[in-house]
Amino acid sequence: MGPKAPAKQPQQVASQSIPATPASQNALDSLWKAYNDTTSSRLKTVDAFLVFLMLSGVIQFLYCVLVTNFPFNAFLAGFASTVGQFVLTASLRSQVNPANRAEFKEVSPERAFADFAMGSIVLHFFVFNFLG
C-alpha cells in the first residue's frame, strides 16, 4: 500500500446573518407610522383580533402536527372555527373601513356588525354540532 493521502479538512462556512438595512428599516418604520396615524382605533381592534385568530390557527395546526391529532374531528372543528371567524372578521373590517365607503354604500357599520354577529353564531353552531 502506498502512502495515505492527507485527509481533507472540512471547510468553515461563515454564518451570514442578514442585518436589517437602513432602507428596509426605514420602510418598516414609515409603514408602522402611517398605520398608527391613519387607522382608526376600531380598525386597530379588529386587526388585533385578526392577528389573534391567525396565531390561534397556527398554534392549533402545530399542535396537531407535532403532538397529536387524536380526536381529529376536534382539531377540524377548532381549525375550521378559527378560519371561519377570520374570514368573517376580515369581511367586517372591509365593510366598516371608511376608505371602502364607496363600495358598501348600502351597508351601515351597525348592519355590518349585525351580519358579523349572526354569521358567527351560525358558524359556531355548525362547529359545535361537528364536535359530536
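Residues numbered from 1 in each chain as written. Predicted model: local features only at pLDDT ≥ 70, side-chain atom pairs only at ≥ 80, totals over all residues. Heavy atoms only, no water.

1. Some thoughts on the overall build of the protein
Of regular secondary structure, the protein possesses four helices and zero strands. Mapped from its N terminus to its C terminus, the protein presents α and β elements in the order α-α-α-α. A fraction of 63% describes how many contacts in the protein between residues 6 or more apart in sequence connect residues 24 or more apart. For the protein, the computed accessible surface area is about 10,600 Å², with 68% contributed by carbon and sulfur atoms. (Helix = DSSP H or I, 4+ residues; strand = E, 2+ residues; numbered from the N terminus. Contact = heavy atoms within 4.5 Å. Areas by Shrake-Rupley, 256 points an atom, 1.4 Å probe, with all protein chains shown as cover.)

2. Quick look at the environment of M54
Mapping M54 onto the fold places it in helix α2 (residues 41-66). The class of M54 is partly exposed, set by a relative accessible area of 47%. Sequence-wise, M54 and T82 are 28 residues apart; in three dimensions their C-alpha atoms are separated by 7.6 Å. (Buried < 20%, exposed > 50% of the residue type's maximum accessible area, 1.4 Å probe, protein only.)

3. Regarding the side chain of T39
By the element assignment, T39 lies in the loop between α1 (22-38) and α2. For T39, the side chain forms a polar contact with the main-chain oxygen of Y35, separated by 2.9 Å. Discounting chain neighbours no more than four positions away, the residues touching T39 are A34, K44, D47 and R93. (Polar contact = N/O pair within 3.5 Å; in protein donor to acceptor, adjacent residues only side chain to side chain.)

4. Some points on the UniProt feature "transmembrane region" (unreviewed entry) in the protein
As annotated by UniProt and renumbered to match this structure, "transmembrane region" (unreviewed entry) occupies residues 48-68 and 112-131. Within the segment residues 112-131, helix and strand shares are 100% and 0% respectively, and the terminal C-alpha atoms sit 29 Å apart. (UniProt positions renumbered as here; feature names shortened; annotations may be inferred.)

5. Points about the packing of aromatic side chains
Geometrically, a pair of aromatic rings is defined through the distance of the ring centres and the angle of the planes. Summed over all chains, the structure comprises seven aromatic pairs. Taking 5.9 Å as the distance between ring centres and 40 degrees as the angle between the ring planes, the aromatic pair formed by F113 and F116 counts as tilted. Taken as a pair, F113 and F116 lie in helix α4 (residues 109-131) at a separation of three residues, close to a single helical turn. Judged by its relative accessible area of 14%, F116 is buried. (Phe/Tyr/Trp six-rings, centres within 6.5 Å; stacked < 30°, edge-to-face > 60°.)

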